[in-house]
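Report on the structure
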Amino acid sequence: MAHPRLVVVGAGLAGVTAVETLRSEGFDGSVTMVGAEPHAPYERPPLSKGFLMGTESRESVFSHPDDWYREHAVELHTGVRVTAIDRNAQVVETAGSERIGYDGLLLATGSRPRGLDVPGTELVGVHQLRTLDASEGLKTALEDAERLVVAGGGWIGLEVAAAARIAGLDVVLVERGDVPLGGALGPRVAQVFADLHRDHGVGVLTHREVRRFLGHHGILEAVELDDGTRLDADLALVAVGAVPRTELAEAAGLAVDDGVLVDAHLRAADPRIFAAGDVANADHPVLGRRVRVEHWANARSQGPVAARAMLGQDVVHEDLPFFFTDQYELGMEYVGYAPPGAYERVVLRGDVAGLTFVAFWTSGDRVVAAMHVNTWDATEPLTELVRSGRNVGADRLADAAVPLAQL
Ligand SMILES: Cc1cc2nc3c(=O)[nH]c(=O)nc-3n(C[C@H](O)[C@H](O)[C@H](O)COP(=O)(O)OP(=O)(O)OC[C@H]3O[C@@H](n4cnc5c(N)ncnc54)[C@H](O)[C@@H]3O)c2cc1C
């Protein structure tokens, strides 16, 4: 490529880590990043934690100061939506009818919150949470509200429930499964989170769904559940998962199946197009299957791999899925991949009631995922253990006298 032009669609974490890497690898062609939000790239985890609770400042969530993009010759277009990819002409089109040519294109369009198809979601007081603007709106609402209903017991729902309890609101969480986080963690470990929230005064309702949001003069007053229960509420959060933003890729004729399908180099079937972050459904060399991961660490590690692959380097993304959360006094980190059906047992070691423990998800004698709660020196040995694929019996896993590093 004589004059390579690299274009990144989506100014989120995967996008920004990609452009950082393009420059740190010495790429001196043109780099353009186009983001639909009115902001430069920022971190989303604080939006349901420190930023929402007022312990982290607005400035601290941004990936870089504004100057950084100019200093690194990154042409950043904020508030600009890409509406189409013309693969033949190697051009992306924006909502303002601008056409930007590319030699290499990275799709880092992330995901959007899934909607709830029930009446009343348009009422003032019904929120969703994905963006900085949405978090600011929710933060302001938390200051005045008294009663929050959270629809959906996933990570974001639980984190916001914790933030709202800390802010002194009455909180009810509505989960349609047996237990919040049941799908992510399995019933035993998920119960730890349900108990934690109940201990902090959250009403956790399971096997229930929201039937409709009820309002007066366009303002939320209550939430009605499928069994007819009416919960008074002046604030509600719909947090029922996220959907990858694949529409651009799909319209451009790229293969899409729960995310943009890419190989382990994060390259799509069109060799000029790559995908990273929440939107990428990538071949994973260690797991031996495709995975799409909606977590911070994945966006952070895939951005750089995609960037290096765009520069022609022979790199693959093989980091294991990694996730963290903070809720009240509980901090945890999880590494590995253990969806329902991919493990047989969960082995626990440590003080579960005291919230200082480690959990292992095992298939045969192999640990396919591991998580620690408030055991901060465990991250490295647990990652190594999962990655090694080594066989370790349940007795040793459960025995706190055996150091994690020796497993
Ligand atoms: C509230 C919240 C809390 C979270 N907390 C945690 C946590 O504790 N731990 C954890 O591991 N993960 C957490 N996550 C998940 C993590 O933040 C995401 O996995 C990560 O942000 C994904 O980065 P991304 O770059 O793939 O996508 P995103 O961050 O979604 O960025 C994609 C960007 O692309 C833009 N875009 C989309 N389409 C277009 C288009 N056509 N044209 C231009 N721009 C476009 C979007 O507007 C968006 O700004 C959290 C997420 C949220 C929302």
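These numbers come from a predicted model, not from an experiment.

**What about the overall build of the chain?**
Tallying secondary structure elements over the chain gives eleven helices and 26 strands in all. The C-alpha atoms of the chain give a radius of gyration of 22 Å, which matches the 22 Å a tight globule of 407 residues would have. In terms of principal-axis extent, the alpha carbons of the chain reach across some 60 × 60 × 35 Å. By residue count, 52% of the 407 residues in the chain fall in the buried class. A total accessible area of about 17600 Å² is found for the chain, and carbon and sulfur atoms account for 47% of it.

**What about the packing of aromatic side chains?**
One pass over the structure, following the stated rule, counts seven aromatic pairs. On the numbers, 5.8 Å between centres and 85° between planes, the contact of W155 with F193 is edge-to-face. With a gap of 38 residues between them, W155 in helix α5 (residues 155-166) and F193 in helix α7 (residues 187-199) connect regions that are remote in the sequence. Like W155, the residue F193 is buried in the burial classification.

**Regarding helix α1 (residues 13-24)**
Under the 1.5 Å per step criterion, the end-to-end length of α1 is 16 Å for twelve residues, consistent within 8% with the ideal 16 Å. Within α1, ten of the twelve residues are buried, which leaves the element mostly enclosed by the surrounding structure. Here α1 has its buried residues at L13, A14, G15, V16, T17, A18, V19, T21, L22 and R23. In this structure, the buried side of α1 is in contact with β1 (5-9), β2 (30-35), α3 (67-71), β3 (74-78), β7 (104-107) and α9 (296-310).

**Things to note about unusual backbone geometry**
We note that S97 has phi near 65°; this positive angle belongs to a residue other than glycine. Along the chain, the position of S97 falls in the loop between β5 (91-94) and β6 (99-101). A residue is classified by how much of its surface remains accessible, and S97, at 61% relative accessible area, is exposed. The residue N374 is not glycine, and still its phi comes out positive at about 50°. With respect to the element layout, N374 can be found in the loop between β26 (366-373) and α10 (379-388). Judged by relative accessible area, N374 falls into the partly exposed class, the value being 24%.

**Some details on the sheet that holds β7**
Spatially, the five strands line up as an open sheet ordered β3-β2-β1-β7-β19, and their pairing is parallel. Each end of this open sheet is capped by a strand with a single partner; those strands are β3 and β19 (273-275). Across the sheet, the axes of successive neighbouring strands diverge by a mean angle of 15°, strand direction being ignored. Pairing between β7 and β19: three bridges, direction parallel. Paired with L106 across the bridge in β19 is F274.

Conventions used here
- Residues numbered from 1 in each chain as written.
- Predicted model: local features only at pLDDT ≥ 70, side-chain atom pairs only at ≥ 80, totals over all residues.
- Heavy atoms only, no water.
- Helix = DSSP H or I, 4+ residues; strand = E, 2+ residues; numbered from the N terminus.
- Rg over C-alpha atoms; globule rule 2.2 N^0.38 Å.
- Buried < 20%, exposed > 50% of the residue type's maximum accessible area, 1.4 Å probe, protein only.
- Areas by Shrake-Rupley, 256 points an atom, 1.4 Å probe, with all protein chains shown as cover.
- Phe/Tyr/Trp six-rings, centres within 6.5 Å; stacked < 30°, edge-to-face > 60°.
- Expected span 1.5 Å × (residues − 1).
- Contact = heavy atoms within 4.5 Å.
- Pairing = 2+ DSSP bridges.
- Axes fitted to C-alpha atoms, helices over the stretch in contact; angles between N-to-C directions.

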